[in-house]
Amino acid sequence: MKIAIIFPKDSEALFNRHSNRTFGGANVQMFMIARELANHSDVETCSLIPNYKTIDFDDAEKFNLAKTFNETDSLFRKIFTYHKTFRKIKPDFILQRGLTLESCLLAFYARLFGMKFIFMIAHDIESEGKYQKNHARCSLFFLLLRYAYLIIAQNELERDNIVKKGPSARVAILKKGLDFSKIKNSRKKQYDAIWIARCERWKNPEVFLDLAAANPKLRFCMICSKVDAHEAYFDEVRNRARGLTNVTFFDFVKYDEIYTLLAKSRVFCITSDYEGDWPMTVLEAAATGLPVLSYKLNYGGLLNSYNAGYHCLGSKDMLDTYLTNLIKDNKLLSEKSNKSIRYANEAHSIKKNVNILLKLILME
């Protein structure tokens, strides 16, 4: 069985340890899936990446890379390059994550040429046929619903949205996976709370800075990466963070170094208005043993069934109170930490999830 995995254009830092380009959780998830598939002798995987000049990364021996288009190429040129690549490697399945116009065209293309296209939803908004970046409606979403062999949702909301829009679409739920070999531990805690996300308004970085300002005796770590076309907003957030003496601000951290900073932290904070289920950073934090304080979101069993943190119901006062309680009470912090680890291990193993994915792929 041959599987072609398509990586987003902003994946360079995953394949070049010297790159400082920002990447998202969808990129990381595809990277881990591709790496785990290399452990299956009955699966031949080819990872399609843009034509990056430098390739230098750990685990390179587990990847069969195929360079495709230049990032500045037109949509027509990209499709033509994909066509040449697919004709060469002849995959049985094409796997792609995150809604783009190419997603819809690839679904139709795969059906036309006897391949099977598997689309993985990266954000709740995509299940409504809208782009995550600007919430604009995808005009060709109907092609994806009609011609995709399988659509992978992350939660019941995404699945139900797909079923409503395309009753005949084949859709299944699969949670994100984690590679626990990358998780680090540290007895020395440098930060009381950590926040990791792109600098976008709907992720509410100001809420985390408000929390830091209200707790000057605590130490905060903020990894807040710049987003194209939102540079002015990023400057506002960075300037405010740098004005707080108890906040350490990073605009970029390499993938493996994120695990080090998580290990040096006590509590993870997420302040987003919405996401695509729990983002990778939350899962990585949970696996590291950080209780999760969620300002607004409450997906699945992390906070309810496992009680591995607190849902703050959009209240800054609750966010402040729960953080204070956790930092002051070592027994409570330890209990929540153990529950976070148990949740991550039981619900988000990349090995288990890739096995489930393969079963879904082979199930007609």
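The coordinates are above.
Colleague: Would you explain the side chain of Ser272 in this entry?
Modeller: By the secondary structure assignment, Ser272 is in the loop between β11 (265–270) and α10 (280–288). Only 2.8 Å separates the side chain of Ser272 from the side chain of Glu275, close enough to count as a polar contact. Dropping the residues within four chain positions of it, Ser272 is found in contact with Trp202, Lys203, Asn204, Lys296 and Leu297.

Colleague: Hey, could you run me through the packing of helix α7 (residues 205–214) against helix α8 (residues 231–242) in this one?
Modeller: With their axes 10 Å apart at the nearest point, α7 and α8 run at an angle of 10° to one another. Between α7 and α8, the angle falls in the class roughly parallel. Contact residues: Pro205, Glu206, Leu209, Asp210 and Ala213 in α7; Tyr233, Val237, Arg240 and Ala241 in α8. Classifying every residue of the contact of α7 with α8 gives six nonpolar, no polar and three charged.

Colleague: Which parts of the structure should I look at to understand the nonpolar core?
Modeller: Proteins that are soluble and globular tend to have nonpolar side chains buried together. Residues Ile33 and Trp278 are the most contacted members of the largest nonpolar core, which totals 67 residues. Counting residues per element, this core draws most heavily on helix α2 (residues 25–37), at seven residues. Discounting residues that sit within four places of it in the chain, Ile33 has contacts with Ile5, Leu95, Met120, Ile350, Val354 and Leu357.

Colleague: I tried to follow the pattern of salt bridges on my own but got confused; where do I start?
Modeller: Opposite charge on two side chains makes pairing possible when the charged atoms of those side chains draw close. The full count for this structure, using the stated rule, is 19 salt bridges. Across the salt bridge formed by Asp235 and Arg238, the nearest N and O atoms sit 2.9 Å from each other. Of this pair, Asp235 and Arg238 are both found in helix α8, three residues apart, which corresponds to roughly one turn of the helix. Asp235 sits in the partly exposed class, given a relative accessible area of 28%. Residues joined in a network through salt bridges with shared partners are Arg35, Asp59, Asp179 and Lys182.

About the cut-offs
Residues numbered from 1 in each chain as written. Predicted model: local features only at pLDDT ≥ 70, side-chain atom pairs only at ≥ 80, totals over all residues. Heavy atoms only, no water. Helix = DSSP H or I, 4+ residues; strand = E, 2+ residues; numbered from the N terminus. Polar contact = N/O pair within 3.5 Å; in protein donor to acceptor, adjacent residues only side chain to side chain. Contact = heavy atoms within 4.5 Å. Axes fitted to C-alpha atoms, helices over the stretch in contact; angles between N-to-C directions. Parallel < 35°, antiparallel > 145°, perpendicular 65-115°, else oblique. Nonpolar A, V, L, I, M, F, W, Y, C, P; charged D, E, K, R; others polar. Core = buried A, V, L, I, M, F, W, Y, C linked by side-chain atoms within 4.5 Å. Buried < 20%, exposed > 50% of the residue type's maximum accessible area, 1.4 Å probe, protein only. Salt bridge = Lys/Arg side-chain N within 4 Å of Asp/Glu carboxyl O.

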